[in-house]
Structures are given as C-alpha cells and as structure tokens.
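Here's the letter readout for the chains.
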Amino acid sequence: MNRVGAAILGMIALAGCTAGQPAQTGGDAEFRVALVFDEGGRGDKSFNDSAARGLERIPSELGGKIQEVDSKSQADYKTNFEQLSIDKPDLIIGVGSTMEKAMFEAADSHPEQKYAIIDVPSDKPNLLGYTFREEEGSFLVGVLAGLTSKTGKVGFVGGKSIDLIKKFEAGFRAGVKAARPEAQVVSKYTEDWFDVAKGKEAALAVYASGADIVYHASGKCGLGVINAAEERGLLAIGVDSDQDDLAPGHVLTSMIKRVDLAVLDAAKRAKSGNFKGGTVVLGLKEGGVGITEMRHTKHLLPPRALEIVRAYESMIKNGTLRVPTTLEEVEKFVPPPVQTG
Amino acid sequence: MTLDWMDIGGATLRLGGPLCLAAMAGLISERSGVINIGLEGKMLAAAAGTSFVSAMTGNPLLGIAVGIASAVLFALLHAISVIVFRIDHVVSGMAINAVSFGITGYLAKLLTARGADQDFDSIPQPVFILFAIAAPLLIAWALRSTNWGLRLTAVGHSGAKSREAGVDPVKVRWNAQLWVGVLAGISGAMLVSQPEQFGVGMTAGRGFIALAALIFGGWRPIPTALAAFSFGFFDALQLRLQGEKVAGVEWPSQMWAALPYLLTLIALAGFLMKSRQPAALGKE
C-alpha cells in the first residue's frame, strides 16, 4: 500500500513540477525562435507580456515558428536553456536579468547557438544583450506625477530592491524633483514579484502617508498597486506594458518598456544572417521607452503639463539632459530649466 | 512622520487575517495528529478558484464556494495519502504544494491566453475579517467543550489509546481534514479578495508563516491567532516605516521586509522550549 501511494503522489508531484509545455505556432518551418519567460511569467500584464507580444509578431512579420517556455523558479533557467540548446532553434531569447548567469553559461557552452537576453549587457559574440534606459521613461512619469499631485507627495513601489529597479526609482525621483522641487517622494519595496496582496498593502501604506500618486515597478505586485489606486480613488502609474486600461481613470500613465521591440529586433538580426553579439541600448531616442497616450486621464493633468513633458523629452533625446540612474546621482541632480511654448 | 494607528490596525487585520485562518486550519490538522505543511497549496488553490469563478460568473459568493471546495479537495487528497496510504505527512504536504502551484499556474496561463478578464468584485473585506477573528474563538470553545474537540485532542495524543476508548481515529482525522480544507479555503479566498485578482504564487509563503504561528502559539487557538495577527501587525508597521527616516536614518528596505520574519523567529526560539506538540503528530 505504502509504495503504491508513494508512487501515485510522486507522479502527481512531478506533473506539478514540469515547466509549461512549449506552445508552437505554425508558419515557415525553417526559422525558429524560442523564448524563455522569467519566473514572473506570462500574465503579468507587464514585462513578460510585453516580450510575448514581440514574440507573437514574429510568425507574421518574419515568418517562422515560435516556442514559449515557462520557468517555475530561477532553478529552471539552466535546464530550460540546456534543453533548448539541444533542440537548436535559430535563436533563444531569455527575458529578464535574473537569467543572466544561466544564459551566459549556455552561451559559453554552445558557441554556435545564437542567444539574446533582455535587461543584461553582453560582450559575447553569440549573445545579444538588450538594455533599456528605464530612467528616461521613469523621469517623464516622475515629471507628470510631480505636476499632477494635489498633495505634493508621491510614492514609488518597487519589487525586489535590485539595481535595475533602483534605476526606475532614481529616474522617477529625478523627474519629480525637476517638475516640483519641493515635492516629497516616499518609496516602499515589497521584496517580492508575485505577492499581489502585498503590492496592494504597500500602495495603501504609501497613500496613508499622504501621497496621491504611486508609480510601481514591481511585476505582478503592481496589479495590487493599481487595485489600491482604484479603491482609494487615487492614481497609480503603470510600468513596462500599457497598464492604463487595468483601472481606467486611475492609472495616470504607464512607463512603457518596449521589450517587444527588442524581441522582434533580435529575431530580425538572427534571420538576416549577420547576427553579432554585443549590447543594444534602447532609450527614449530609440523608442525603447516612453509614456502612454493617457486615454483616460488627460483631463486630470494641469495645463501645460504635456508641453513640459515634451520639452524634457526632447532635452533627453538631444542629450542636453542626462537622467540619473542611481539614488546617489539623484541627490546631486540639478534639473535644467525647461523652456516651453 | 506620524503613524496613523487606525490605518495600521486595518492593515494588521487584512495582513493577519489570512494567516490566522490558515493557522487555524493547521491547528485542527495537527491537533488530530496530522502534520500539515500543505497549507500553502490549499490557500493557493482556494485563491485561484475564488478568483477564476468570481471573474467568470460575476458572482463572488459562488467563487468563494468553488475556492473553498478546491481547498477541501486538496485536504482530502492529503487525508487519503496519510490516513489510507500512510505516506510521510511532510512528503504529502510538499506534493500538495507543488501540485497546487502547477495546476493554478497552468489555469492562470490558459485564461490569460484566452484573454479572459481575471479581476472581479469581491465581497467586503470586513466579512472575512469577522471570520478570521471568530474562528479562533469558536475553535477554542469547541476544543474545550464539545465531543468533537475532545476526540480531536485525544486522537492527537494517541490514536491507539483513543481506539481503546471507543473513538475511531480514522474518522476523526478525516473529519479534521475536511475542516482544514474549509479554513484554508476561506484563508485563500480572503487573500485573493484583497487585490481582487489572482497572481501565480501569490500566497508567497503565507502557509508556512501560518505554521510558524501555530508552533509559536503552542498549538492553542488563541495564542496562535495572536501570533498570526502580530505577524500581520509587524508587516503593516514595516510597510509604513519603510522609506521613512527612523531615528534619523533611512534603513534599507530588505531590513524592514525581514523584520516580521525575524521577530517571529526570535519569538519561536523563545517559545519552543515549552512547546506542546500533539504527541501523535506525524507518527500514525
């Protein structure tokens, strides 16, 4: 009895453990792209979903087959890359900086295989690294938050306090400082990417401190942040994907990170035949980051707010304004005067 | 900065409520002699069931019912494996956590791929909070003053001896697992009703914190509930102190995030000395 039971449970446990089955979509059988999601996975309405949108454009725009692979935990990355490297698609894409180590190891042991990774710079000949100037987009939403806040206090909710997320915070703080030097910014970290309820509680804590706008860079926790904004009748700012529709009228804008463009670009390079490793940096100028059209919230902005944002945008694009990337730089940051109209 | 104690009180109840309910589920299981580390998986199943069905039907009560039923299903699976097949309780609990994570993740992915709306309008939080406060009181009373409670405790001490006394330990344990499912189910439903949408892995270790509260509370309902709510209180407090200057310094966020765990750990270490673990726990 004992053994039978153990075997049954074992099988069930294994069934629960396997990473998601690869989803294949038809098209030209020649060109194949495989993409590995990070542990946040599809459905975050944010970072991973943006990558998925890029992947889905490949069959129609470039032709070929796509394959998605989920990662249940960070321990799966290595296995996922190894298995894919045996399968030998034309390109393997890893979504997220947490895969850095696993990706570099795979790239080293399979020099003939082409790889691309999001959010990590690369110096390898067979690995393309895409990084974004998140601070530039975050700066613009910071300017908007500073101008729009009625209480003079705004907040930030981060996921884990890693350098990448601090870059969002730094850009945001600098933007608020530029638009409204006397405004206060308070930031909280959930130290988690999945805990939707914790995300909501973190946002509620920010609102309780007197802030009326919260920018988040916290993966799925952000869905809780937006829910908190809706519940309190205040404002949130979305991230990575356009999250304005998640609670219309309560998401001031979203800082869009075009992970989809990076995915598509990597596929184009792999298909063209002159694939070279190295780092591609996507900022405001390259259209890699930006803000939404604010379909539901334009009426909330004070007059001239959009003009001011555009003025800063062109200063960043033409290089006269360099946005801080760390909190130390924000301290020393002196915003340049803005000329509008 | 000034602390708004009303605000912190509310957050304490919201953060501590799911922990308290899950800890009560663990209490009933362990008082009957069955180790339960599968609380996490049951909460997750309930959270997913509640969210998916509420969003699909627009009826949060139906969602909660399905959520609780999902948790009960997993509780009965645990009962089959430990009572019928006599599998190691810890192994079975771990399997339940893994299976629940896999199934809920898969379903969430399926719904996302179909573009189905996943957020819903929940019933008001205070209803759940009421449950979370009433449960330990009711259980404390039931353990002391009802046949059900006395049998549960007897079976937890020794199944063999209670059999001699005419109490069937198998029946009592099956019944206990049913309640485990119901309580863990309400816990998961409460959790998902806060942000009004499911996220894969959203329980984020709460099932294990609930177990810590259970040990901290010495397997007694009221102290266990107090432990769960004090974890909720420290979590609410740290979320408010984070990013503010405390004693003139802005402390790192990781330190704040670790605070509730650290305090629970210290408390545990202090209280383990006089722990009153049910004698038959995991042995039968």
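Conventions and cut-offs
- Residues numbered from 1 in each chain as written.
- Chains lettered and ligands numbered in written order.
- Predicted model: local features only at pLDDT ≥ 70, side-chain atom pairs only at ≥ 80, totals over all residues.
- Heavy atoms only, no water.
- Helix = DSSP H or I, 4+ residues; strand = E, 2+ residues; numbered from the N terminus.
- Rg over C-alpha atoms; globule rule 2.2 N^0.38 Å.
- Buried < 20%, exposed > 50% of the residue type's maximum accessible area, 1.4 Å probe, protein only.
- Contact = heavy atoms within 4.5 Å.
- Phe/Tyr/Trp six-rings, centres within 6.5 Å; stacked < 30°, edge-to-face > 60°.

*Asks:* Could you give an account of the overall build of chain A, with specific residues and numbers?
*Replies:* Helix and strand counts for chain A come out as eleven helices and 13 strands. Computed over its C-alpha atoms, the radius of gyration of chain A comes to 21 Å, within 12% of the 20 Å expected for a compact globule of 341 residues. On the principal axes, the C-alpha backbone points of chain A span a range of 65 × 55 × 35 Å. In chain A, buried positions account for 60% of the 341 residues. Pairs at least 24 residues apart make up 69% of the contacts formed inside chain A by residues separated by at least 6 positions.

*Asks:* Got a sec to walk through the overall build of chain B? Specific residues and values, please.
*Replies:* Scanning chain B from terminus to terminus reveals eleven helices and two strands. Listed by position from the N terminus, the elements making up chain B come as α-α-α-α-α-α-α-α-α-α-β-β-α. C-alpha atoms of chain B, sized along the principal axes, occupy 65 × 50 × 30 Å. Every one of the 284 residues in chain B was classed for burial, and the buried ones make up 58%.

*Asks:* Describe the environment of A:Ile237, and please don't skip the residues or the numbers.
*Replies:* Residues and elements named next belong to chain A. Assignment of secondary structure puts Ile237 in strand β10 (residues 235–240). On the accessibility criterion, Ile237 (0% relative accessible area) is buried. For the pair Ile237 and Val214, spaced 23 residues apart in sequence, the C-alpha to C-alpha distance is 6.0 Å. Excluding anything up to four places from it in sequence, Ile237 contacts Val141, Ala145, Phe172, Ile213, Val214, Tyr215, His216, Val251, Leu252, Thr253 and Ser254.

*Asks:* Describe in detail the packing of aromatic side chains, supporting the description with residues and values.
*Replies:* The tally for this structure, following the rule as stated, stands at ten aromatic pairs over all chains. Ring centres 5.4 Å apart and planes at 75° place the aromatic pair A:Phe139 and A:Tyr312 in the edge-to-face group. Here the residue A:Phe139 occupies a position in helix α5 (residues 134–148), and A:Tyr312 occupies one in helix α10 (residues 305–317), the gap between them amounting to 173 residues. Take A:Tyr312: its relative accessible area is 2%, and that puts it in the buried class. Ring geometry for B:Trp5 versus B:Phe233: centroids 6.5 Å apart, planes at 20°, classification stacked. With B:Trp5 in helix α1 (residues 5–31) and B:Phe233 in helix α10 (residues 221–241), this residue pair connects regions lying 228 residues apart in the sequence. With relative accessibility at 53%, the residue B:Trp5 sits in the exposed group. For B:Phe233, a relative accessible area of 28% translates into the label partly exposed. Of the aromatic side chains, those joined through ring pairs into one cluster are A:Phe156, A:Phe172, A:Tyr189 and A:Tyr215.

*Asks:* Can you lay out the environment of B:Trp141 for me, pointing to particular residues and giving the numbers?
*Replies:* All names here are of chain B. By secondary structure assignment, the location of Trp141 is in helix α5 (residues 125–145). You can call Trp141 exposed: its relative accessible area is 52%. Trp141 sits 52 residues away from Ser193 along the chain, and the two C-alpha atoms are 28 Å apart.

Nothing here speaks to function; it is geometry throughout.
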